[in-house]
Amino acid sequence: MFRSGILSKDFRRQLLVTLSAILITLCHGIGLGWLSPMLPQLQSSMETPVDFVIDVHESSWLGAMLSLGALTGNFLFSYIMNRFGRKVALYGLALPNTCIWFLFYFAESIEMLYVARICAGLTGGGMSLVLPIFIGEIADRSIRGRLCSFFNLAINFGILLGFIISSHVPYHVIPCAVVALPLSYLFLTTRFPETPQQLVKWGREEDAKRSLKYYCNCDGPSPSRKSIQAYQRQFEEMRESLQQQVKNNCNVDLSMADFCNKRALKAIITGIMLMLCYIFTGTFSFINYMSSIFERVHTQLDPNTNTIIIGAVQIVGTLASIYLVDRYGRKILLIISCVGSALGTGAFGLYAFYGEETDTDLSVLSAWLPVTIMGFIIFLANVGIISVAMVVLVEVLPQRIRAFATSLCLACLSCFSFIALKCFPLMMEYLGLAATMWGCSAVSTFCLFYMVVFLEETKGKSMYY
């Protein structure tokens, strides 16, 4: 295990840098997980830890504000990344995440919580753009899928921590403990260089060579033959890519012709479909409103306990994705994930229908069946849709338009998530949980059709073309 794969000596720096960079996603995950157990408390006049109580409409806005921040973060960090480089964008992610915890601590009104959620969205929107590109550019193609999957593993682990601490730690203690994490992340990001691709774009070839040697772990006194070969191969690919760009006059600004060709259009449509699948299959909304969902189906277990169980299942699903993504490819995992989401949400909707609309006695099933079905949905979603979508997004887009098109797709993701987070609690309130779940099942079926018919496998694809 230690001689091959991501734990081998040749890839050790790529792994360590990835782990340092994704610390911000752990912080972001804690902020996401904070909402689900805290929301019922904020809606209860007897349990609220602050000086105000919120209703269902305010709770829907509290969820949706995340997406408004994410939309802004997509474009803001796209500009920062293209203007000042990947490293400066990584530094910038720490600022809004730090602000979240100060706003939570000093919250005196719902508006302060809105601003905190917007800051969470700024972090989420920025890191969803910056980190997949950064990791994709420093990682060897043989382990790129697994390293990119660490992005979602850190988010899910953070969500689990958020579920646990929001359920069991006093409200005002949480920010005091968590605020140290983004500050630690900021320090760690100063310890590694800019990506070699970015340095080549700036014309700093010698710095690019040093950076690539660092990430290939062949800058020491006795580098291995494998690391030297990886360095030479990657540098030649970058050089050929640069020469091709010069030949095609790629030193001029982007034009409509770069987007209005068959390859680019198909890649952008695929990216938008991946974002639609990511949000409207329901998993993202489930994570934000998990405790409320379990309250509605009247489980015998405490809703927050069920939520923590689901948080653990997320991590298992992401670990499975890390193991499978570079072995069996991206497409098969997305197909399996869509099938599982369609079947699982349909089954959960059926259970909710009998629980909400009929007098059927479900007491024998209520202790285990809802959490089992939800665990099935969340596990398969993290095996494919949640973990692999961002990897495929970066790989499928042509290098010339990758940064801009990724921003466009993530802007669509933010718009989709705003609609989902704003409407989901209202749909549960006015249409019922069953109809809401069946809607997610229909979207999963549509996404399954697209994945089977139109999606191309991107495993092993070069990042330079």
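Residues numbered from 1 in each chain as written. Predicted model: local features only at pLDDT ≥ 70, side-chain atom pairs only at ≥ 80, totals over all residues. Heavy atoms only, no water.

For the chain, an unreviewed UniProt entry supplies the name Facilitated trehalose transporter Tret1-like and the organism Drosophila hydei. In its Subcellular location (unreviewed entry) section, the UniProt entry covering the chain states "Cell membrane". (UniProt positions renumbered as here; feature names shortened; annotations may be inferred.)

Chemist: What's the story with the overall build of the chain in this structure? I'm lost.
Modeler: Scanning the chain from N- to C-terminus turns up 22 helices and 0 strands. Over its C-alpha trace the chain gives a radius of gyration of 22 Å, about what one expects of a compact globule, namely 23 Å for 465 residues. Viewed in the frame of its principal axes, the chain has a C-alpha envelope of about 70 × 50 × 45 Å. Buried residues in the chain amount to 60% of all 465 residues. Restricting the contact set of the chain to residue pairs at least 6 apart, pairs at least 24 apart contribute 82%. Roughly 18800 Å² of accessible area belongs to the chain as shown, and the carbon and sulfur atoms make up 65% of that amount. Within the chain, the 30 negative side-chain charges are centred at a point lying 17 Å from the centre of the 34 positive side-chain charges. (Helix = DSSP H or I, 4+ residues; strand = E, 2+ residues; numbered from the N terminus. Rg over C-alpha atoms; globule rule 2.2 N^0.38 Å. Buried < 20%, exposed > 50% of the residue type's maximum accessible area, 1.4 Å probe, protein only. Contact = heavy atoms within 4.5 Å. Areas by Shrake-Rupley, 256 points an atom, 1.4 Å probe, with all protein chains shown as cover. Lys, Arg positive; Asp, Glu negative; His and termini not counted. Charge placed at Lys NZ, Arg CZ, Asp CG, Glu CD.)

Chemist: Where do I start with the environment of A21 in this structure?
Modeler: With respect to the helices, strands and loops of the structure, A21 is situated in helix 1 (residues 12-21). Between the C-alpha atom of A21 and that of Y91, which follows or precedes it by 70 residues, the distance is 9.9 Å. Contact partners of A21, with chain neighbours within four places excluded, come to L131, F134 and Y185.

Chemist: Looking at this structure, how should I read the domain arrangement of the chain?
Modeler: By convention, interface size is frequently given as the accessible area that disappears when the constituent parts associate. Taken as a whole, the chain is organised into domain 1 (1-192), domain 2 (200-248) and domain 3 (257-464). Taking the mean C-alpha position of each, domain 1 and domain 2 sit 31 Å from one another. With 15 residues of domain 1 in contact, the opposing surface of domain 2 contributes 15 residues. In terms of surface lost to domain 2, no three residues of domain 1 exceed D10, R13 and R141, which account for 44% of the buried area on that side. At the junction of domain 1 with domain 2, the criterion picks out 0 salt bridges. Taken together, domain 1 and domain 2 are joined by 2 residue pairs in polar contact (both at pLDDT 80 or more). Residue assignment for the side of domain 1 that touches domain 2 shows that the elements contributing at least two residues are helix 1 and helix 6 (110-138). Take the side of domain 1 that touches domain 2: its biggest share by element is 3 residues, from helix 1. (Domains from an automatic or database assignment. Buried area = accessible area lost by both parts, 1.4 Å probe. Salt bridge = Lys/Arg side-chain N within 4 Å of Asp/Glu carboxyl O. Polar contact = N/O pair within 3.5 Å; in protein donor to acceptor, adjacent residues only side chain to side chain.)

Chemist: Could you clarify how one ought to interpret helix 5 (residues 94-106) in this entry?
Modeler: Side chains three or four residues apart in an α-helix point the same way, a direct result of the helix having 3.6 residues per turn. Its 13 residues give helix 5 an end-to-end C-alpha distance of 19 Å, which sits within 8% of 18 Å, the value for a rise of 1.5 Å per residue. Looking only at helix 5, the buried set comprises A94, P96, N97, T98, I100, W101, L103 and F104. Lining the buried residues of helix 5 we find helix 2 (23-42), helix 4 (86-92), helix 6, helix 8 (173-178) and helix 9 (180-188). (Expected span 1.5 Å × (residues − 1).)

Chemist: Help me understand a nonpolar patch on the surface, please; the structure alone is not making it clear to me.
Modeler: On the surface, L350, F353, Y354 and W438 cluster together to form a nonpolar patch covering roughly 370 Å² of accessible area. Per element, the largest residue contribution to the nonpolar patch is 3 residues, and it comes from helix 18 (residues 330-357). Mapped onto the secondary structure, Y354 falls in helix 18. Residue Y354 is classed as partly exposed on the basis of its relative accessible area, which comes to 37%. (Patch = residues over 30% accessible without salt bridge, like charges linked within 9 Å, V, L, I, M, F, W, Y side chains within 5 Å.)

Chemist: Which parts of the structure should I look at to understand the nonpolar core?
Modeler: Note that soluble globular proteins tend to have their nonpolar side chains buried in a common cluster. Counting 140 residues, the largest nonpolar core has L113, F286 and M374 as its most contacted members. For this core, the leading source of residues is helix 6, giving 14 residues. When residues of this core are assigned to domains, at least three fall in each of domain 1 (1-192) and domain 3 (257-464). Discounting residues that sit within four places of it in the chain, F286 has contacts with T281, I293, T345, M374, I377, I378, F424, M437 and C440. In terms of nonpolar packing, the next biggest core, distinct from the first, is built from 10 residues, A208, L212, C216 and C218 among them. (Core = buried A, V, L, I, M, F, W, Y, C linked by side-chain atoms within 4.5 Å.)

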